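# Coordinates in review
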Amino acid sequence: KTGAWTTLQASSFLHAYAAGQVKSAGTLALYVSSQQVTGVSLLSTQPYLLPVVARYGLITVGGPMWILARCKHDWNETTQRLNHNFWEDAINRPEIFAESITK
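Residues numbered from 1 in each chain as written. Predicted model: local features only at pLDDT ≥ 70, side-chain atom pairs only at ≥ 80, totals over all residues. Heavy atoms only, no water.

Bringing the packing of aromatic side chains into the picture now. Aromatic rings in a pair are described by how distant their centres are and how their planes are angled relative to each other. The tally for this structure, following the rule as stated, stands at two aromatic pairs. Pairing phenylalanine 13 with tyrosine 17 gives two aromatic rings, centres 5.8 Å apart and planes at 20°, and the pair type is stacked. Of this pair, phenylalanine 13 and tyrosine 17 both sit in helix H1 (residues 8–34), four residues apart, which is roughly one turn of the helix. Relative accessible area serves as the criterion here: at 52%, phenylalanine 13 is assigned to the exposed category. (Phe/Tyr/Trp six-rings, centres within 6.5 Å; stacked < 30°, edge-to-face > 60°. Helix = DSSP H or I, 4+ residues; strand = E, 2+ residues; numbered from the N terminus. Buried < 20%, exposed > 50% of the residue type's maximum accessible area, 1.4 Å probe, protein only.)

Okay, structure coming up:
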């Protein structure tokens with residue numbers, strides 16, 4: 001194996017974005033759970049907010065991670081193809097391969 005193909009910019013952006021969204025989703029969940037309406041918790045008076053907050057967290061954190069997983073699959077295929085082509089070319093044209101190593 002000669003190396004791995006990845007788009008560093010996309011990979012780092014998706015990791016950073018997902019990590020930032022974990023913080024955002026946690027902050028939103030804490031905010032909603034701490035709100036009071038006439039002395040009663042907001043979540044006890046508006047129970048529909050719980051699935052909304054959960055979906056928000058799932059979409060904002062899971063979305064970038066899902067895209068990253070799909071990209072990793074594509075990157076692995078590209079890595080396999082590039083490695084195969086490199087070694088096939090090295091075997092079929094050893095004089096060019098040896099010359100490029102010795103220079």
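Attention shifts here to H1. With 27 residues, H1 should cover 39 Å at 1.5 Å per step; its first-to-last C-alpha distance of 39 Å lies within 8% of that length. Residues Ser11, Leu14, Ala18, Gln21, Ala25 and Val32 constitute the buried set of H1. Elements that come into contact with the buried residues of H1 comprise helix H2 (42–45) and helix H3 (49–92). (Expected span 1.5 Å × (residues − 1). Contact = heavy atoms within 4.5 Å.)

As enumerated under the stated definition, the model contains one salt bridge in all. Among the salt bridges present, the one from aspartate 89 reaches arginine 93, with a minimum N-O distance of 2.9 Å. (Salt bridge = Lys/Arg side-chain N within 4 Å of Asp/Glu carboxyl O.)

Moving on, we get to the packing of H1 against H3. Two numbers describe how H1 lies on H3: the axes approach to 10 Å, and their chain directions differ by 170°. Between H1 and H3, the crossing angle belongs to the class labelled roughly antiparallel. Looking at the contact of H1 with H3 residue by residue, the class counts come to 18 nonpolar, six polar and no charged. (Axes fitted to C-alpha atoms, helices over the stretch in contact; angles between N-to-C directions. Parallel < 35°, antiparallel > 145°, perpendicular 65-115°, else oblique. Nonpolar A, V, L, I, M, F, W, Y, C, P; charged D, E, K, R; others polar.)

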